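# Summary of the model geometry
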Amino acid sequence: MADERNQTQEDILLDIQDLHVKYNTSDAVCYAVNGLNIQVKRGEVFGLVGETGAGKTTTALSILRLLPQRIGEIPQGKILFEGQDVVQMSEDQMRELRGSHISMIFQDPMTSLNPVLTVGDQIAEAIETHHQSMSKEEVQAKVDHVLKLVGIPPARKYEYPHQFSGGMKQRVVIAMALVCEPRLLIADEPTTALDVTVQNQVLDMMSNLKEELNTSMILITHDLGIVCQMCDHVAIMYAGKVIEQGTVYDIFDQSKPHHPYTIGLFGSLPSLQSDSKRLKPVMGLMPDPTDLPPGCEFHPRCGSCTETCKLKAPGVFQDGETHMIRCHLFSK
Amino acid sequence: MHKFILKRILMMIPVLLGISVIIYTIISLTPGNPGRLILGERASAEAVEAMNESLGYYDPLPVKYFNYMKNLLRGDLGTSWRSGVSVIESIGERFPTTLLLATMDIVLTAVMSIPLGVLVAVKKESLLDNIMTVVALVFTAMPSFWLGMLMMLVFALSLNLLPATGSESFAHFILPALTMSLLSVAQIMRMTRSSMLEVIRQDYIRTARAKGVSEQKIIWRHAVRNALLPVITTMGNNFGWTLGGSVITETVFGMSGIGTLLLTAVRSKDVPLVMGCVLFMSFTFSVVTLLVDISYGIIDPRIKAEYGGRKG
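Parameters at a glance
- Residues numbered from 1 in each chain as written.
- Chains lettered and ligands numbered in written order.
- Predicted model: local features only at pLDDT ≥ 70, side-chain atom pairs only at ≥ 80, totals over all residues.
- Heavy atoms only, no water.
- Helix = DSSP H or I, 4+ residues; strand = E, 2+ residues; numbered from the N terminus.
- Rg over C-alpha atoms; globule rule 2.2 N^0.38 Å.
- Areas by Shrake-Rupley, 256 points an atom, 1.4 Å probe, with all protein chains shown as cover.
- Lys, Arg positive; Asp, Glu negative; His and termini not counted.
- Charge placed at Lys NZ, Arg CZ, Asp CG, Glu CD.
- Phe/Tyr/Trp six-rings, centres within 6.5 Å; stacked < 30°, edge-to-face > 60°.
- Lys NZ or Arg CZ within 6 Å of the ring centre and 35° of its normal.
- Pairing = 2+ DSSP bridges.
- Axes fitted to C-alpha atoms, helices over the stretch in contact; angles between N-to-C directions.
- Contact = heavy atoms within 4.5 Å.
- Patch = residues over 30% accessible without salt bridge, like charges linked within 9 Å, V, L, I, M, F, W, Y side chains within 5 Å.
- Salt bridge = Lys/Arg side-chain N within 4 Å of Asp/Glu carboxyl O.
- Buried < 20%, exposed > 50% of the residue type's maximum accessible area, 1.4 Å probe, protein only.
- Disulfide = S-S within 2.5 Å.
- Polar contact = N/O pair within 3.5 Å; in protein donor to acceptor, adjacent residues only side chain to side chain.
- Buried area = accessible area lost by both parts, 1.4 Å probe.
- Nonpolar A, V, L, I, M, F, W, Y, C, P; charged D, E, K, R; others polar.
- Expected span 1.5 Å × (residues − 1).
- Parallel < 35°, antiparallel > 145°, perpendicular 65-115°, else oblique.
- Left-handed = near helix turned anticlockwise from the far one by under 90°.

### A closer look at the overall build of chain A
A tally of helices and strands in chain A yields ten helices and twelve strands. Taken over the C-alpha trace, chain A has a radius of gyration of 21 Å; the compact-globule value for 332 residues is 20 Å, and the two agree within 12%. Surface exposure of chain A reaches about 15500 Å², of which carbon and sulfur atoms provide 51%. Counting 29 positive and 42 negative side-chain charges, chain A places the centres of these two groups 4 Å from one another.

Here is the structure:
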C-alpha cells in the first residue's frame, strides 16, 4: 500500500474517463453525469461523496450498465475495467461481468431481496449464474461458507427475506455480492437504511471481507464520518462532476486548500470542538440537472463567486500529486 | 395453516345461511302455484289445493323456511316440483358439464393470457403491445352471446369443424369454452401486464440483474411469481362464477349445465330446485375462494406467515 511511487497501469482496476450520462425522459433531457474522471486502484476503498442528485448512483449504475432501459444513455466517455471498456461491451459480456467481477450492493436492503425466493436460493443463483459446472453440493457448501462469513448461521438459508431484520437482510445482500469474489464491489449507501449501531457492524464486516477477498470497493455515501472511517481515496461530486478529489488525508486536512463546496460540506457537520449553536448548511439546492447553470455549476450557491465563475467552467488545480480541485479560486 | 383453513370453513356457514334466507324469502314472495306445477294443467282445482296444503305452501314464511332448513340439514334438498326428480340428483347430473366447461375455460384463459401478458409487459410500448391492447379492448367489448354465435357460424356452420350445440362429447365443449376464455383473456392479459410492469420496477429485479442473471430467468423466475398474485385472485373469482354455470354461454350453445338448470327452475318457480342450485353455487364459490387463498400461501411465503403457519 505504501508503494505509491511504483504505481503502474497494472494497479488501476477501474478507470473512468470523461463519463457523461443523460436520461432522456419524455419532457426533458436530464444531464446526470457530466465529464467524470476517477481511478480506482486494486485493493483500495474509493469514496464517492455528494448530495442527493449529484450523480453518484448514476455513476455506479453506469459501471454495471444497469441504467434504466431506453431512458439512460452514455453518450460519451470510457469506463475501463481492467483495461476493457465497459461502455462498448455486448449485453452477454456485461452479464458475465456483473456479479462475478463487479458486484453491487444497493441502498435499501428491505426491497433488494426477492420476497418469494429463499435467501439461500438467491445466493446460490449468483454462483450458478457464473459457475455453471459446479455441482449442487459445491454450490450449497459455498452458500454456507459465505453466510458464515457475513455472520449468519447457514441453517437460515431456507428462510425467506421477510424473516430477517434489516441489518440481517443487508448481510444477505452483501453475501450475495461477495459470493463470487468480485474484484470490484460497488456499495451504494449500504448503511443509510440501517440503525446506527447496525451500521457500524455492517461497515466493520465489509472492511474485513474486503481485506480477506482483496476486493476493491467504491463506497457511495453522503456520510463524511463513514468516508473517514473506511476510505483511502475520496472524490466529491457536484452536479455530475468531481469537484475535488484526493486521499482521505488530502480531503480531511483543514490546512490544505479546498473547494468552497467541500468547505461547506464540512461546515454543515456538527463539531464537538466549537461551541456554535447552529450548523452552517450549504445554502440553496443542487441545480436542476435538466437546466444546469453556465460556468461553474456551483456558482449560484458559492460564497466566493466571481464574474469568471458565472461564465467559464473552471479547470483543474493540482495540489500535490494526489489532490485535485476544480475551482477558479486556485486555477489562476 | 390448518387453523386458517378450519376458520375459513367455519366462516362459510354464516355465509350460506345468509344466502339461504335471502333467496328463500325473495322466491317465496313471488306468486306461483306449486300444486298446479306438480299435477299439471288437467288436474282438478281440489287436487291442486290439496297438494298445496300437503306441501305446506300456505304456512307462514318462517315456518316454511324452518322446515326447508330442517330437511337441508338432513341432506335432503327436496324434489323438483316440476320434474319430480330429487334436487341433488338433478344437480349431480348437470354439474359435470359445468365443471368441465369451467375448467376448460380457466385452463385456456391461463394458457393464452399469462404468457401474452408477460410478453407485452416485456415488450412494453412495442407494436405487439399496441396491437394486443386493441385486441383486448375489442374482446372485452363483445357480448358473450354474440361472440358465441359468431364462433358457431364460423367453426360449426362454415368450416364444419366442431358441433354447434349440445354437451354430449368433448368436442361440444371446445367452442363454448373458447368463447368464454376469449372474453376473459383480455382482462387477465391486461392485468398480468400491469402487474408485471409494477414488479419489473422493483429493487429486487435490479439486484437480480446486478448478479448477472439472464433476462429470461429474471422474467420467469423473479418477476412472474411476484406478479401472479392479483392475477390468480381474479382468475379464481372467474372460475367460481363459471362453476355456478354461465347461463348465457350454456343457453347459446344448448348445454345442459347448472346455468340452464337454474334458468328453467326460476322460470317455472320451482322453489326446491332454485334453492338447491343457488346454495350449491354459493358453496362452490366459497370453496374456490378458499382454494385461491390457500394458493397465495404457496406462492408468497409472506402471506403464509400471516396465515399463522410456521416457515416454508
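Here the narrative resumes, following the displayed structure.
### Focus on the packing of aromatic side chains
Applying the stated criterion across every chain yields a total of ten aromatic pairs over all chains. Ring pairing ties together the aromatic residues A:Tyr238, A:Tyr261 and A:Phe298, which thus form one cluster. One residue, A:Arg156, lies across the ring of A:Phe164, its end atom 4.1 Å from the ring centre. The ring of B:Tyr57 is capped by B:Lys64, whose NZ or CZ atom sits 5.0 Å from the centre of that ring.

### Side note on the sheet that holds strand E9 (residues 233–238) of chain A
All names here are of chain A. An order of E6-E7-E8-E3-E9-E10-E12-E11 is seen for the eight strands of this open sheet, with the pairing classed as mixed. Strands at the two margins of the open sheet, each flanked by one partner only, are strand E6 (102–105) and strand E11 (316–319). The sheet shows a mean angle of 20° between the axes of neighbouring strands, taken without regard to direction. Relative to strand E7 (residues 184–188), E6 runs parallel, the two sharing four bridges. Residue pairing for E7: Ile105 is matched across the bridge by Ala187. Seen against the sheet, helix H9 (residues 260–267) touches E9 and strand E10 (241–247) and runs at an angle of roughly 100° to E9.

### Digging into a nonpolar patch on the surface
All names here are of chain B. A cluster of nonpolar side chains, namely Phe145, Trp146, Met149, Leu150, Leu153, Val154, Leu157, Leu159, Leu161, Val247 and Ile248, defines an oily patch on the protein surface of about 1000 Å² accessible area. Breaking the nonpolar patch down by element, the ones donating at least two residues are helix H7 (144–158) and helix H11 (247–252). The biggest single contributor to the nonpolar patch is H7, with seven residues. Tracing the chain through its elements places Leu150 in helix H7.

### Brief notes about the pattern of salt bridges
As a working rule, side chains carrying opposite charge can pair if their charged atoms are close by. On inspection of all chains with the given rule, the structure shows 22 salt bridges over all chains. We note a salt bridge from B:Lys211 to A:Glu125, for which the minimum N-O separation is 3.0 Å. Of the two residues, B:Lys211 sits in the loop between helix H9 (203–210) and helix H10 (215–243) while A:Glu125 sits in helix H3 (residues 119–130), which places them in two different chains. There is no split in this pair, since B:Lys211 and A:Glu125 are both buried. Between B:Asp203 and B:Arg206 there is a salt bridge whose closest N-O contact spans 3.8 Å. Residue B:Asp203 and its partner B:Arg206 are located together in helix H9, separated by three residues, close to a single helical turn. Residue classification places B:Asp203 among the partly exposed positions, given a relative accessible area of 24%.

### Some remarks on the environment of B:Ile106
All names here are of chain B. One can find Ile106 in helix H5 (residues 87–122). Taking the relative accessible area as the measure of exposure, Ile106 reaches 21% and is therefore partly exposed. Taking the C-alpha atoms as reference points, Ile106 and Phe239, 133 residues apart in sequence, are found 6.4 Å from one another. Ignoring anything within four residues of it in the chain, the contact list for Ile106 reads Met235 and Phe239.

### Quick word on the state of the cysteines
All names here are of chain A. Considering all chains together, one arrives at zero disulfides over all chains under this definition. Between Cys228, a free cysteine, and Cys231, which holds the nearest cysteine sulfur, the sulfur-to-sulfur gap is 9.1 Å. Overall, Cys228 belongs to the partly exposed group, its relative accessible area being 46%. Summary of cysteine pairing: Cys302 is not part of a disulfide, and the nearest cysteine sulfur, belonging to Cys327, is at 6.1 Å.

### Details of the environment of B:Ser184
Residues and elements named next belong to chain B. Here Ser184 lies in helix H8 (residues 170–200). Using a relative accessible area of 11% as the deciding quantity, one classes Ser184 as buried. A sequence separation of 74 residues divides Ser184 from Ala110, and the C-alpha atoms of the two residues are 9.5 Å apart. In contact with Ser184, not counting residues within four places along its chain, are Asp105, Thr109 and Asn238. Looking at Ser184, its side chain comes within polar contact range of the main-chain oxygen of Met180, at 3.3 Å.

### With respect to the interface of chain B and chain A
Where the parts come together, the accessible area they lose is often given as the size of the interface. Each partner contributes residues to the interface: chain B has 24 residues there, and chain A has 30 residues. Interface area lost by chain B to chain A is led by B:Arg206, B:Lys211 and B:Arg221, which between them contribute 25%. Joining chain B to chain A, the criterion identifies two salt bridges. Summed over the shared surface of chain B and chain A, the result is eleven residue pairs in polar contact (both at pLDDT 80 or more). Elements with a minimum of two residues in the side of chain B that touches chain A: H9, H10 and helix H14 (301–306) of chain B. The residue inventory of the side of chain B that touches chain A, partitioned by class, reads six nonpolar, six polar and twelve charged.

### Considering the environment of A:Leu117
Following the sequence through the fold, A:Leu117 ends up in the loop between E6 and H3. Distance in space between the C-alpha atoms of A:Leu117 and A:Pro161 is 7.9 Å, their sequence separation being 44 residues. A:Leu117 has contacts with A:Gln122, A:Tyr160, A:Pro161, B:Arg221, B:His222 and B:Arg225, leaving out every residue within four places of it along the chain.

### A look at unusual backbone geometry
It is generally the case that most residues other than glycine have a negative phi and that most peptide bonds are trans. Residues and elements named next belong to chain A. Not every positive phi belongs to a glycine, and Glu181 is a case in point at roughly 50°. Secondary-structure assignment places Glu181 in the loop between helix H5 (166–178) and E7. Despite not being glycine, Asn214 has its phi angle at roughly 55°, a positive value. With respect to the element layout, Asn214 can be found in the loop between helix H6 (196–213) and strand E8 (216–221). With relative accessibility at 56%, the residue Asn214 sits in the exposed group.

### Overview of H5(A)
Helix length check: H5(A) (13 residues) gives 18 Å between terminal C-alpha atoms against 18 Å at 1.5 Å per residue, within 8%. Buried residues dominate H5(A), accounting for 13 of its 13 residues.

### Side note on the packing of H10(B) against helix H13 (residues 271–299) of chain B
All names here are of chain B. As a packed pair, H10 and H13 sit with axes 9 Å apart at the nearest point and diverge in direction by 165°. On the basis of the axis angle, H10 is roughly antiparallel to H13. Remark: the crossing between H10 and H13 carries right-handed chirality. Facing Arg225, Leu229, Ile232, Thr233, Gly236, Asn237, Phe239, Gly240, Trp241 and Leu243 of H10, the residues of H13 in contact are Thr284, Phe285, Val288, Val292, Ser295, Tyr296, Ile298 and Ile299. When the residues that make up the contact of H10 with H13 are grouped by side-chain class, the tally is eleven nonpolar, six polar and one charged.

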